[in-house]
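Given next are the chains, with one letter for each unit.
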Amino acid sequence: MSKISLLIFLLLLSSQVYSQQIFISRAHTESGEPVDLITNKTITENQTVSIIFDNGKEPITQKFIFLFIDKINNGSKINLFSKMLHTTTSNKRLVEDYTFTREGNYEIYFTDFKRNKSASALLTVKKVEPKKNSIKSINELLPNLKILFTTRIEDGKPQNFLSRISLNKSGGEVYIYVINDKPLGTGKLLVNIWRRIKPNTDFDQFIDSKKFEIDEEWNDTYFKHTFPQKGEYKINIFNEKEILIKTAYISVGD
């Protein structure tokens, strides 16, 4: 093999390896995009994460991809989980949610049918340390916090409140207004939005995740969101310590 041919081969090989990646995140979109990536590859016991196989710009050509999760003990590996994932011609990503219940070091990897690894990642699960000092619950800290919905804001204040919006009238666009009777005490707000697929079931379809930087001395703030389709939605809002501070609900109709 000539030097030029070898160089081209190495470039193609590195491109293929680079294009296939594993992302570990707290959630994911419907198309499999990671939401709130866990960049330090460290989580705590009993935490559920989204394991995402990303094939880059190209669809996955194999009909089946296998996911393995091995626990690393003193240099040896013990397989704790394996699953065969089906693909379609349009799949560029595959997603599996998994809850890690035991502390330790783990290798997560995907293989083809012949058990050739296509991507791998390491993850550390830490033991949850008991808190020495009891702290107030978030309901005690912010007992009067409210989340309101409106289609109009003037001078930073909502003009009317809604529990239901219309796709035809507003295009599904609404302002989500957060207000408390004292400073919110957080420099960031993390917002997760979920949709109920079937009546009388849990809100199990993840829609979106947003992060906003705010002044911790603010009593109120607001942001705009557009709901893409009709249905029942749940909005969870967390503070900068990822503690849930309030949940609100809204209906979207035609």
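This write-up is about the structure you can find in this document. In this text, all values refer to a predicted model and were calculated from it rather than measured experimentally.

1. Focus: the layout of surface pockets
One number sums up the size of the largest pocket: a volume of about 470 Å³. The wall of the largest pocket is formed by 21 residues, among which Arg 26, Ala 27, Thr 48, Asn 192 and Trp 194 lie closest to the centre. Listed by contribution, the elements that provide at least two residues to the lining of the largest pocket are strand 1 (21-28), strand 2 (34-37), strand 4 (47-54), strand 15 (188-196) and strand 16 (205-213). Broken down by element, the residue count for the lining of the largest pocket peaks at four residues, all from strand 4.

2. What about the pairing of strand 2?
Pairing analysis gives three bridges linking strand 1 to strand 2, with the strands arranged antiparallel. Within strand 2, the residue paired with Ala 27 across the bridge is Val 35. The turn linking strand 1 back onto strand 2 is made up of five residues, and Gly 32 within it adopts a positive phi angle of 90°.

3. A word on the sheet that holds strand 8 (residues 104-111)
The strands that make up a sheet are held in pairs by hydrogen bonds between backbone atoms, and each pair lies either parallel or antiparallel. Strand order in the open sheet made by the five strands is 3-9-8-5-6, with mixed pairing throughout. Where the open sheet ends on each side, the last strands, each with one partner, are strand 3 (42-44) and strand 6 (76-86). Each adjacent strand pair in this sheet contributes to an overall mean axis angle of 25°, direction not counted.

4. Considering the pattern of salt bridges
Under the defined criterion, the tally for this structure stands at 13 salt bridges. Residues Glu 154 and Arg 152 are paired through a salt bridge, measuring 2.4 Å at the closest nitrogen-oxygen approach. A salt bridge links Lys 230 to Asp 254; the nearest nitrogen and oxygen atoms lie 3.5 Å apart. Taken as a pair, Lys 230 in the loop between strand 17 (220-226) and strand 18 (231-238) and Asp 254 in the segment after strand 19 (244-253) lie far apart in primary sequence, 24 residues in all. By relative accessible area, which is 53% here, Asp 254 ends up exposed. Linked through salt bridges whose partners overlap, the residues forming this network are Arg 26, Asp 36, Lys 211 and Glu 242.

5. Section: the side chain of Ser 118
Tracing the backbone through its elements, the reader meets Ser 118 in strand 9 (residues 117-126). Taking relative accessible area as the criterion, Ser 118 reaches 17% and is therefore assigned buried. In contact with Ser 118, not counting residues within four places along its chain, are Gln 20, Phe 53, Phe 110 and Thr 111.

Calculation criteria
- Residues take numbers from 1 onward in each chain, read along the sequence in its written order.
- A pLDDT threshold of at least 70 governs which residues receive local features in this predicted model, and a stricter bar of 80 or more applies before side-chain atom pairs are shown or counted, although totals over entire chains, interfaces and linings include all residues.
- Hydrogens are left out, water is left out, and the side-chain values use all remaining heavy atoms of the structure.
- Cavities and pockets were defined on a 1 Å grid built from protein atoms only: a cavity is a group of points that admits a 1.4 Å probe but offers it no way out, a pocket is an open group of points flanked by protein on both sides within 12 Å along at least five of seven lines, and a lining residue is one with an atom within 4 Å of any such point.
- Grid points are joined across faces, edges and corners, and a volume is the space filled by probe spheres set on the points.
- Numbering of helices and strands starts at the N terminus; helices are DSSP runs of H or I of at least 4 residues and strands are runs of E of at least 2.
- If DSSP finds at least two bridges between two strands, the strands pair.
- Fitting a line to C-alpha atoms yields each axis, with helices limited to the stretch in contact; the angle taken between N-to-C directions then spans 0 to 180 degrees.
- Throughout this description, the term salt bridge denotes a Lys or Arg side-chain nitrogen within 4 Å of a carboxyl oxygen of Asp or Glu.
- Residue burial is assigned from relative accessible area. The probe radius is 1.4 Å, only protein chains are included, and a residue is buried under 20% of its type maximum, exposed over 50%, and partly exposed in between.
- Whether two residues are in contact is decided by their heavy atoms, any of which lying within 4.5 Å being enough.

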